[in-house]
Amino acid sequence: MSHVLKKPSLELRQLNFYKNGDRMMGGATVKDFTLPALTDQFLQSSDYKSRSEAVATFNTANRWRKRGINVVPIRYAAHWNIPTRIFHCLVAIFHGDGTVAVTHGGIEMGQGINTKIAQVVASELGVDMKYIAIQPTQAIMTANGGITGGSVTSELVSLAAIDACRQLRTLIDVVRQIDPTKTWPQLIEDCFKKEVDLSARSGINAKTPDHVAYNFYAAMCTEIELDILTGEFIINRLDILYDCGESMSPLIDVGQVEGAVVMGLGYYTSEEQIYDPKTGENLSYGTWKYKPPMAKDIPVDFRVTLLQNAPNPSGVLRSKLVGEPPLCGAASVVFALRNAIAANLNETGKGADWFTLVAPMTVERIQQYNRIEISQLR
């Protein structure tokens, strides 16, 4: 549509944004739809207009190097209503030193769930983080737990942790009222002597009226510079404005956004699996053939911003999920590459033809899309 109508793809996307009250695929009703305002804010903060003009100027002045820039707005649904998916948390407090041991049903795989749970438990119990000890996940403590996936595990396990902590506080606060000046270890020792049960367990199977608990929003802008002759490119700058609600752990969430973006860049540009057409053998085994993103594939200028003053009334502690969504936004690198290729084709008189892209946009494919002919090199 953008190609035929000669209109920017972003303009068409904005014209087709949902509105509050619309019905989404699956039947859920759109509410709290803030993507238009977020996109407008992002276009200002990323300096998109002047950078687009600079890209056009660069492309006019350079024959064999072209730049491309593209913005992709993102909506991603948080699904909580998953049958038989229960998230557990067990909190046990030990007398003597007041250590709070926590085991939960999520699997720590680098997404920072253990850090978030420790922070949530410390906040709910009103104690210093030094007292929190996250223990390994154990099936006997979290029997029949749900899978860790869908980017919702951290927040739903946090919900179970909050419930377990509030059970404990109901009992502990009775003893606390006797002498509010006592330290945490002293308070727990008093609870122990009064035979207070200092362990609590919770299992959460979150249910919401719609199958979509809430929507997450973001916008990503990628600017690339392409070598037309070789198909090699660098990402000069990448900006993302991410709506994380009121982040439970901003440093964790920024790191998750960065990691998901880089993972997406690999997915969309370099990680190609090749199989033998006759035997089905994987021919792209190991990093000699299969190319995940490395240090120099990371954008030269990488700017991650969490949306401020945007509490999520439907989320856990007013937060929103983080994990998979930024990977989807990394598709902006594909469209930025398309724009750079289109600039070259327009210059050679081939821009009227629509060309279909195949991801991943490997160096070989990009070079072929540019349709370089010997006559152009003379």
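Structure: see above.
Residues numbered from 1 in each chain as written. Predicted model: local features only at pLDDT ≥ 70, side-chain atom pairs only at ≥ 80, totals over all residues. Heavy atoms only, no water.

1. A look at the packing of aromatic side chains
Counted according to the given criterion, the structure contains eight aromatic pairs. Relative to F33, the ring of Y18 has its centre 6.2 Å away and its plane inclined at 90°; by these criteria the two rings are edge-to-face. With Y18 in the loop between helix 2 (9-15) and helix 3 (35-45) and F33 in the loop between helix 2 and helix 3, the pair connects residues that are 15 residues apart, well separated along the chain. Measuring from ring centre to ring centre gives 6.1 Å for F355 and Y369, while their planes differ by 40°; the resulting arrangement is tilted. Taken together, the residues span a long stretch of sequence, with F355 in the loop between helix 11 (332-347) and helix 12 (363-369) and Y369 in helix 12 at a distance of 14 residues. Residue Y369 is classed as buried on the basis of its relative accessible area, which comes to 16%. (Phe/Tyr/Trp six-rings, centres within 6.5 Å; stacked < 30°, edge-to-face > 60°. Helix = DSSP H or I, 4+ residues; strand = E, 2+ residues; numbered from the N terminus. Buried < 20%, exposed > 50% of the residue type's maximum accessible area, 1.4 Å probe, protein only.)

2. Structural notes on the side chain of N370
With respect to the helices and strands, N370 occurs in the segment after helix 12. Of note is the side chain of N370, whose polar atom sits 3.1 Å from the side chain of N344. Here N370 is in contact with L226, I228, I341, N344 and L345, once residues within four sequence places are set aside. (Polar contact = N/O pair within 3.5 Å; in protein donor to acceptor, adjacent residues only side chain to side chain. Contact = heavy atoms within 4.5 Å.)

3. With respect to the environment of A28
Within the secondary structure layout, A28 lies in the loop between helix 2 and helix 3. Judged by relative accessible area, which is 1%, A28 ranks as buried. Sequence separation of A28 and H211 is 183 residues, and the distance between their C-alpha atoms is 6.5 Å. Not counting residues up to four positions away in its chain, the partners in contact with A28 are D22, R23, D210, H211 and V212.

4. Some remarks on the state of the cysteines
Two cysteines, two sulfur atoms, one covalent bond between them: this is a disulfide. Within the structure shown, the criterion is met by zero disulfides. In this structure C328 is a free cysteine whose sulfur lies 15 Å from that of C244, the closest cysteine sulfur available. Looking at C328, the relative accessible area reads 36%, which means it is partly exposed. (Disulfide = S-S within 2.5 Å.)

5. Some remarks on the pairing of strand 3 (residues 100-104)
Of all five residues making up strand 3, five are buried, and the element is well covered by its neighbours. The two faces of strand 3 match: V100, V102 and H104 on one face and A101 and T103 on the other face are all buried. Here strand 2 (residues 87-93) folds back onto strand 3, and the loop between the two strands holds six residues, one of which, G96, carries a positive phi near 105°. Crossover connection from strand 3 via helix 5 (residues 113-125) to parallel strand 4 (residues 132-134): handedness right-handed. (Pairing = 2+ DSSP bridges. Right-handed = clockwise from strand over helix to strand, strands pointing away.)

6. What to know about the side chain of R51
Tracing the sequence through the fold places R51 in helix 4 (residues 48-61). On the basis of relative accessible area, R51 is assigned to the buried category, the value being 8%. A polar atom in the side chain of R51 sits 3.3 Å from the side chain of D239. When near neighbours in sequence (up to four residues on either side) are disregarded, R51 contacts S46, I69, C221, E223, R237 and D239.

7. Digging into the sheet that holds strand 7 (residues 233-242)
Sheet architecture is open: four strands sit in the order 1-6-7-8, paired in mixed fashion. Two strands bound the open sheet, and with one partner strand each, they are strand 1 (65-78) and strand 8 (301-306). Neighbouring strand axes in the sheet, compared pairwise and without regard to direction, differ in orientation by 15° on average. Contacts from helix 3 reach strand 1, strand 6 (214-227) and strand 7, with the element oriented near 30° to strand 6. (Axes fitted to C-alpha atoms, helices over the stretch in contact; angles between N-to-C directions.)

8. A short note on the packing of helix 6 (residues 153-176) against helix 7 (residues 184-193)
Axes are the key here: two packed helices are described by the angle between their axes and the distance separating the axes. Relative orientation of the contacting elements helix 6 and helix 7 amounts to 100°, with a least axis distance of 10 Å. By the angle between their directions, the pair helix 6 and helix 7 is classed as roughly perpendicular. Contacts between helix 6 and helix 7 pair I172, V175 and R176 from the former with W184, L187, I188, D190 and C191 from the latter. Considered class by class, the residues forming the contact of helix 6 with helix 7 number six nonpolar, no polar and two charged. (Parallel < 35°, antiparallel > 145°, perpendicular 65-115°, else oblique. Nonpolar A, V, L, I, M, F, W, Y, C, P; charged D, E, K, R; others polar.)

9. Notes on the pattern of salt bridges
The tally for this structure, following the rule as stated, stands at 19 salt bridges. A salt bridge links R176 to D173; its shortest N-O distance comes to 3.1 Å. You can see R176 and its partner D173 sitting in helix 6, three residues apart, about one turn around the helix. Classification of R176 by relative accessible area gives partly exposed; the value is 28%. (Salt bridge = Lys/Arg side-chain N within 4 Å of Asp/Glu carboxyl O.)

10. Observations regarding the packing of helix 5 against helix 6
Direction vectors running N to C along helix 5 and helix 6 enclose 25°, while the axes themselves pass 8 Å from each other. Classified by the interaxial angle, the pair formed by helix 5 and helix 6 is roughly parallel. When the axes of helix 5 and helix 6 are compared, the crossing they make is right-handed. Residue-level contacts link I113, K116, I117, V120, V121, E124 and L125 of helix 5 to T153, S154, V157, S158, A161, I162, C165, R166, R169 and R176 of helix 6. Classifying every residue of the contact of helix 5 with helix 6 gives nine nonpolar, three polar and five charged. (Left-handed = near helix turned anticlockwise from the far one by under 90°.)

Read these as layout, nothing more, since geometry by itself doesn't imply function.
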